[in-house]
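Commentary on secondary and tertiary structure
Now for the letters of each chain:
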Amino acid sequence: MRCPKETVSSDSKSLGRLSRIATLLALLFAGLSADTVLAQSLPGPQGPEQPPMRRQLWLVPSQDTSVLMRTLVFRPPGAGPFPLVIINHGSVQSAEMRAKLVHAEFRAASQWFVARGYAVALPQRPGHGETGGPYFETNSPAGGCDNADYRRAGLATADTIEAVIRFFARQPFVKRAGIVVVGHSAGGWGALALAGRNPPGVEAIVNFAGGRGGQMAGRPNNNCLPERLVEAARRFGASARVPVLSIYSENDSFFSPRIARALNDAYRAAGGRLQFHLLPGFGTDGHALFGAREGVAVWGPIVERFLSGLR
């Protein structure tokens, strides 16, 4: 979200490979056998399913195939195939903070979707937490707020989501059609960018508090060049035909009602198919609505109506 100065290496693939080699060496030094290390360096499931909701860790190739994303998968009972929901987390511009990010499970939201027959995948994108590797989503490759390029950041997130879609569409427990992409904050912004590409198999996008450049310098309601965010949203909407549900809260400290309305209006005016909901304040900060257990009762009926209306 924030916009401190930050640069990204031009040789990101090399960084990804080095990160992967370092991970393999760490596993070897931890005393694991070579066969176990090899298994844990290949795409696919990493160990058995666990209750509840058949929780299972997978490794999934990103847009840089040398970087495998740690991805949590939840499933309903049975063999499927199930419609797929991909839930995409937020981000920060600080490399130090990103490295410490815990893998977001969005447990209450995941449970809500599984109860409705969906398999759920939650990728941890490159440059975050234990996935590591290069960060493709920087708001400003040249550093600083004045150089913010939110379209570029959104498209990089969309690249990652597309990689997840390609991978899971080949899995036997996943239906190839009816995919729903859900995103929170920077993940929601990437989902809006993805809608502009109209990827095959994607039935709907659900955006929770999507955007970039919020809480600049760690201060609530302090945004980096929101007019650029609005213009990027307009460009995404110009080519988007996938139905979008967009949900924000009155007391969101990252994206105020004024900014939320402006970027969603721009997306819709450009031609994007979008339903916009500005909900009453939630807790101390509406930006947390999607991730909060109590938030499900607020957004669940809205999402249910939206998805039911597509069928």
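Anything mentioned here points back to the structure above.
Predicted model only: the values in this text are computed from it and were never measured.

With that settled, consider the overall build of the chain. Across its full length, the chain holds nine helices and nine strands. The buried share of the chain, reckoned over its 311 residues, is 57%. Considering only contacts within the chain whose residues lie at least 6 apart along the sequence, 73% involve residues at least 24 apart. Total accessible area on the chain stands at roughly 12,800 Å², and carbon and sulfur atoms take up 56% of it.

Let us now look at the pattern of salt bridges. Taken as a whole and judged by the stated rule, the model has 13 salt bridges. One salt bridge connects E49 with R75, and the closest N-O pair in it is separated by 3.2 Å. Of this pair, E49 sits in the loop between β1 (44-45) and β2 (56-61) while R75 sits in the loop between β3 (68-74) and β4 (84-88); the two residues are 26 residues apart in sequence, bridging distant segments of the chain. Taking the shortest distance from any N to any O, the salt bridge between R116 and E304 comes out at 3.2 Å.

Once that is clear, we can look at the environment of H184. Looking at the secondary structure, you find H184 in strand β6 (residues 179-184). Judged by relative accessible area, which is 12%, H184 ranks as buried. Remark: the alpha-carbon pair of H184 and V206, spanning 22 residues in sequence, is separated by 8.8 Å.

Let us now look at the nonpolar core. Ranked by internal contacts, the top residues of the largest apolar core, which has 49 residues, are F168, V181, W189, I205 and Y267. Among the elements that line this core, the one with the most residues is helix α5 (residues 150-168), at seven residues. Excluding anything up to four places from it in sequence, V181 contacts I86, N88, I161, I165, A191, L194, V202, A204, I205 and V206. With 33 residues, the next largest nonpolar core counts Y118, V206, W299 and F306 among its residues.

This part covers unusual backbone geometry. A cis geometry characterises the amide bond from P51 onward to P52, with omega recorded as -5 degrees. Examined against the element boundaries, P52 turns out to sit in the loop between β1 and β2. In this structure, P81 follows G80 across a cis peptide bond, with omega equal to 5 degrees. In this structure, P81 sits in the loop between β3 and β4. Unusually for a residue other than glycine, A209 sits at a positive phi of about 55 degrees. The residue A209 is located in the loop between β7 (202-208) and α7 (226-239) in this model. One non-glycine residue, A217, adopts positive backbone phi at about 60 degrees. Of note, A217 is situated in the loop between β7 and α7.

Once that is clear, we can look at the packing of aromatic side chains. Under the criterion given, the structure shown has 16 aromatic pairs. Taking the centre distance of 6.1 Å and the plane angle of 80 degrees together, the rings of W58 and F167 count as edge-to-face. Of the two residues, W58 is situated in strand β2 and F167 in helix α5; the sequence distance between them amounts to 109 residues. Arranged with centres 5.6 Å apart and planes meeting at 50 degrees, the rings of W58 and F168 form a pair that is tilted. Pair noted here: W58 is in strand β2 and F168 is in helix α5, with a separation of 110 residues, a long-range link. The class of W58 is buried, set by a relative accessible area of 5%. Three or more aromatic residues joined by ring pairs make a cluster, and in this case those are F106, W112, F113, Y118, F208, F290 and W299.

With six of six residues buried, β6 lies mostly within the body of the structure. Strand direction decides the pairing type here: β4 and β6, joined by four bridges, are parallel. The partner of I87 across the bridge, within β6, is V182. As a crossover connection, the stretch from β6 through helix α6 (residues 186-195) into β7 is right-handed.

Cut-offs used in this document
Residues numbered from 1 in each chain as written. Predicted model: local features only at pLDDT ≥ 70, side-chain atom pairs only at ≥ 80, totals over all residues. Heavy atoms only, no water. Helix = DSSP H or I, 4+ residues; strand = E, 2+ residues; numbered from the N terminus. Buried < 20%, exposed > 50% of the residue type's maximum accessible area, 1.4 Å probe, protein only. Contact = heavy atoms within 4.5 Å. Areas by Shrake-Rupley, 256 points an atom, 1.4 Å probe, with all protein chains shown as cover. Salt bridge = Lys/Arg side-chain N within 4 Å of Asp/Glu carboxyl O. Core = buried A, V, L, I, M, F, W, Y, C linked by side-chain atoms within 4.5 Å. Phe/Tyr/Trp six-rings, centres within 6.5 Å; stacked < 30°, edge-to-face > 60°. Pairing = 2+ DSSP bridges. Right-handed = clockwise from strand over helix to strand, strands pointing away.

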